[in-house]
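Structure at a glance
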Amino acid sequence: NAGVMQNPRHLVRRRGQEARLRCSPMKGHSHVYWYRQLPEEGLKFMVYLQKENIIDESGMPKERFSAEFPKEGPSILRIQQVVRGDSAAYFCASSPAGQNIQYFGAGTRLSVL
Amino acid sequence: SQQGEEDPQALSIQEGENATMNCSYKTSINNLQWYRQNSGRGLVHLILIRSNEREKHSGRLRVTLDTSKKSSSLLITASRAADTASYFCATDANDMRFGAGTRLTVKP
């Protein structure tokens, strides 16, 4: 059973471009969480999704950021018109229904030039 | 948003010493979890303690939970250099939010 897979591991974008971060949860997991982490800081919750539903997006910036978890395929975190302040590590975690334990991916490090 | 808050923010000890980290939270919970993050990597689940448990052990880890004080502690005994990492707590309230963590450095 493969773990949570995030890709790409590293992503470089210029200001104004779009960034798409992918997360494939562990097999059988229907819950996905996205977090952002700046260097030397803790995790900041962004969004919690179940298949085809956004459960809690209270941590997501209101503009430029969106997330989806379709019935088929990975969860996508999309950042439009990236700015330098978006540079961070973005982690995805998944959990099965009815269980709180989260299993984390290795993260995607976004660098905005 | 309500989440676990760890303290101290940073802790530096010598190999072989014990390390104690604390976590406080604000709401009623069903369980509390501790995670570890090695530099540049994703979090790894360490241990879960339920609200009806007061203490739990896993290898060199000992976790306590005091629901009356809404606090938990993580004790790592006989620490090793490989224990150097950041440690986070999270509760099942509010979809598992994480605090800023405790950065533990174990010097060889």
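The following refers to the structure shown. Note that the structure is a prediction, hence the values are computed from the model and not measured. (Residues numbered from 1 in each chain as written. Chains lettered and ligands numbered in written order. Predicted model: local features only at pLDDT ≥ 70, side-chain atom pairs only at ≥ 80, totals over all residues. Heavy atoms only, no water.)

Details of the state of the cysteines
Evaluated as defined, the whole model comprises two disulfides over all chains. There is a disulfide in this structure between Cys23(A) and Cys92(A), and the S-S distance comes to 1.7 Å. Around the S-S axis, the bridge from Cys23(A) to Cys92(A) shows a dihedral of about -50° and counts as left-handed. Taken together, the residues Cys23(A) in strand S3 (residues 19-24) and Cys92(A) in strand S9 (residues 88-95) connect sequence positions 69 residues apart. Classification of Cys92(A) as buried rests on a relative accessible area of 0%. A sulfur-sulfur separation of 2.0 Å characterises the disulfide bridge that pairs Cys23(B) with Cys89(B). Taking the sign of the torsion about the S-S bond as the criterion, the disulfide between Cys23(B) and Cys89(B), at about 75°, is right-handed. Residue Cys23(B) is located in strand S3 (residues 19-24), and its partner Cys89(B) is located in strand S9 (residues 85-91); the two are separated by 66 residues in the primary sequence. In this structure, Cys23(B) and Cys89(B) share a single accessibility class: buried. (Disulfide = S-S within 2.5 Å. Helix = DSSP H or I, 4+ residues; strand = E, 2+ residues; numbered from the N terminus. Buried < 20%, exposed > 50% of the residue type's maximum accessible area, 1.4 Å probe, protein only.)

Observations regarding the sheet that holds strand S8 (residues 71-76) of chain B
Residues and elements named next belong to chain B. Reading across from one edge, S1-S3-S8-S7-S6 is the order of the five strands in this open sheet, with antiparallel pairing throughout. Bordering the open sheet on either side are strand S1 (5-7) and strand S6 (55-58), each of which pairs with just one other strand. Taking each pair of neighbouring strands and ignoring which way they run, the sheet shows an average axis angle of 20°. (Pairing = 2+ DSSP bridges. Axes fitted to C-alpha atoms, helices over the stretch in contact; angles between N-to-C directions.)

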